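# Summary of structural features
Chain by chain, the residues:
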Amino acid sequence: MTTTHPPATATAAAPEPARPARARRHRARRSTPLTIAMLAALAYFLLPLCWLLIASTKSTQDLFNSFGLWFSHAPQFLTNVRATLTQDDGVFVHWLLNTVLYAGVSAVGAALLAAAGGYGFAKFRFRGDRLAFNLVLGAVMVPTTALAIPTYLLFAKAGLVNTPWAVILPSLVNPFGLYLMRIYAADAVPDSILEAARIDGAGEARIFFGIALRLLGPGLVTVLLFTLVATWNNYFLPLIMLNDPNLYPITVGLARWADQAQNGGAGASSDMLALVVTGSLLSIVPLVVAFLLLQRYWQSGLAAGGVKQ
């Protein structure tokens, strides 16, 4: 009995070994000039802070007799802080509270006004809206120092000079914040959500405070931070608006101490310059804390415009 073998079937050709895929990742290119430029910019911003931190540990004599970017042989940071907080019956703490009031109220108010104005320009059409927005853009180019004297004359007529309102009310106007919120609201607030809310019977005020304001949160925080820093560091406006030392913010108060240290005025002491340096360091601590607490909202706002849905 003969066995028949089945016909050999054609076997599929073995696949060729896959070629190694080319890595499509872009290799990080190192540029020596760019690295040097970044290091120079980093040094430009950090060196003054390092000097301030180191100088706040020195006495007035050590400020002149020791190297500026290194500690003295007898650091006295806690002594300087204690002397700063107790100088003139604790007036520095009073100035700090005034600054928190001015900057906090101005930042929150300016952010809300900018959000409302930007939302209105972005989502509503009315007669003269382009002209009004162009006026806002033009106001961005006007320096605040040019408006200080006219603002003083207006507030003097209204009887608001030498009051907290003389610092707060001008700080509520933020043309750049309004422009920023208008650009942000155009993309962050979908028209479909607004139409759905109107169909459900929601009023415009409820739509803004209940829906739009939440979507505008990152941009709102950005404007709040910008206004907070600008009002906190504002010197010229409080200088011409306030005459009562009890109403001074930190900027004007420290400038007054610096004048006493240089001219030997009333209340001056041999360590007054060290108090000015230490007070300057303490004055930036709240701003650093504010940025650390709000940076995640700010970063999400900056990244929101770069992702296309």
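Now for a look at the structure at hand.

Rules behind the numbers
Sequence positions are assigned chain by chain, starting from 1 and proceeding in written order. Thresholds applied to this predicted model are a pLDDT of at least 70 for local features of residues and 80 or more for the giving and counting of side-chain atom pairs; totals over whole chains, interfaces and linings are not thresholded and use all residues. As a rule here, side-chain values come from all non-hydrogen atoms in the structure, and water together with hydrogens is ignored. Salt bridge, as used here, is a side-chain nitrogen of Lys or Arg placed within 4 Å of a carboxyl oxygen of Asp or Glu. Note on conventions: DSSP H or I runs of at least 4 residues are helices, E runs of at least 2 residues are strands, and numbering of each starts at the N terminus. Burial here depends on accessible area, computed with a 1.4 Å probe over protein chains only, as a share of the maximum for the residue type. Under 20% is buried, over 50% is exposed, and the range in between is partly exposed. All axes are obtained by fitting lines to C-alpha atoms, using only the stretch in contact for helices, and the reported angles, taken between N-to-C directions, cover 0 to 180 degrees. Put simply, angles under 35 degrees are roughly parallel, angles over 145 are roughly antiparallel, angles from 65 to 115 are roughly perpendicular, and the rest are oblique. Any two residues having at least one pair of non-hydrogen atoms within 4.5 Å are treated as being in contact. Under this grouping Gly is polar, as are all residues other than the nonpolar Ala, Val, Leu, Ile, Met, Phe, Trp, Tyr, Cys and Pro and the charged Asp, Glu, Lys and Arg. Among the buried residues, those of types Ala, Val, Leu, Ile, Met, Phe, Trp, Tyr and Cys that are joined through side-chain atoms within 4.5 Å form a nonpolar core. Ring geometry is summarised as follows: Phe, Tyr and Trp rings, the Trp one being its six-membered ring, pair when their centres sit within 6.5 Å, and such pairs are stacked at plane angles under 30 degrees, edge-to-face over 60 and tilted between the two. The span one expects for a helix is its residue count, reduced by one, times 1.5 Å. Working definition for bend: take the seven residues up to and ending at a residue and the seven starting at it, fit an axis to each, and measure the angle between the axes. A residue counts as positive if it is Lys or Arg and as negative if it is Asp or Glu; His and the chain ends are not included. Pairs of N or O atoms within 3.5 Å make up the polar contacts considered here, provided that, within protein, one atom can donate a hydrogen while the other can accept it, and that residues adjacent in sequence are counted only when both atoms are side-chain atoms. Here is the rule for handedness: rotate from the far helix to the near one, and if that takes an anticlockwise turn smaller than a right angle the crossing is left-handed, while a clockwise turn gives right-handed.

## Some remarks on the pattern of salt bridges
A full pass over the atoms with the stated rule returns three salt bridges. Between Lys123 and Asp191 there is a salt bridge, with its nearest N and O atoms 3.0 Å apart. A residue pair is termed long-range when its members are at least 10 positions apart, and Lys123 in helix α4 (residues 91–123) and Asp191 in helix α9 (residues 191–199) qualify at 68 residues. Residue classification places Lys123 among the buried positions, given a relative accessible area of 16%. A relative accessible area of 48% means that Asp191 is categorised as partly exposed. With a closest N to O distance of 2.7 Å, Arg198 and Glu204 form a salt bridge. Of the residues examined, Arg198 reaches a relative accessible area of 27% and is grouped as partly exposed.

## Observations concerning the packing of α4 against helix α13 (residues 250–263)
The contact between α4 and α13 brings their axes to 8 Å, and the two run at 150°. Put simply, α4 runs roughly antiparallel to α13. Along its contact with α4, which presents Val91, Phe92, Trp95, Leu96 and Thr99, the element α13 presents Ile250, Gly253, Leu254, Arg256 and Trp257. Here the contact of α4 with α13 is composed, by residue class, of seven nonpolar, two polar and one charged.

## Thoughts on the nonpolar core
Among the nonpolar cores identified, the biggest contains 29 residues, and Trp95, Met241, Leu242 and Trp257 are the most heavily contacted of them. Mapped onto this core, the elements with two or more residues apiece are α4, α6 (148–158), α7 (165–171), α11 (217–232), α12 (236–241), α13 and α14 (272–304). A total of six residues in this core trace back to one element, the largest contributor, which is α4. Ignoring any residue separated from it by four or fewer positions in sequence, one finds Leu242 in contact with Tyr102, Asn162, Thr163, Val167, Leu247, Tyr248 and Pro249.

## So, the packing of aromatic side chains
Using the criterion set out here, one finds 11 aromatic pairs in the structure. Ring centres of Trp70 and Phe71 lie 5.8 Å apart, and the angle between their planes is 70°; this geometry places the pair in the edge-to-face category. Take Trp70: its relative accessible area is 57%, and that puts it in the exposed class. Between Phe176 and Phe226, the ring centres sit 6.2 Å apart and the planes meet at 40°, which makes this aromatic pair tilted. You can see Phe176 sitting in helix α8 (residues 175–188) and its partner Phe226 sitting in helix α11, a full 50 residues away along the chain.

## Describing the environment of Thr222
Within the element layout of this structure, Thr222 appears in helix α11. In this structure the C-alpha to C-alpha distance between Thr222 and Ala111, which are 111 residues apart in sequence, comes to 8.5 Å.

## With respect to helix α1 (residues 32–55)
Its 24 residues place the ends of α1 33 Å apart at the C-alpha level, agreeing with the 34 Å of an ideal helix rising 1.5 Å per residue. Largest kink in α1: about 30°, centred on Leu46, with the proline Pro48 one to four residues after it. Within the sequence span of α1, burial applies to Leu52, Ile54 and Ala55.

## What to know about the side chain of Lys58
One can find Lys58 in the loop between α1 and α2 (60–65). For Lys58, which is buried and forms no salt bridge, the nearest opposite charge comes from Asp62, at a distance of 7.6 Å. From its side chain, Lys58 meets the backbone oxygen of Phe67 in a polar contact 2.6 Å long.

## Side note on the packing of α9 against helix α10 (residues 204–215)
Their axes nearest at 11 Å, the elements α9 and α10 cross at an angle of 150°. Considering only the axes of α9 and α10, their crossing is right-handed. Between α9 and α10, the contacting residues are Ile193, Leu194, Ala197 and Arg198 on the first element and Glu204, Ile207, Ile211 and Leu215 on the second. When grouped by side-chain class, the residues that make up the contact of α9 with α10 number six nonpolar, no polar and two charged.

Keep in mind these values describe shape, not function.
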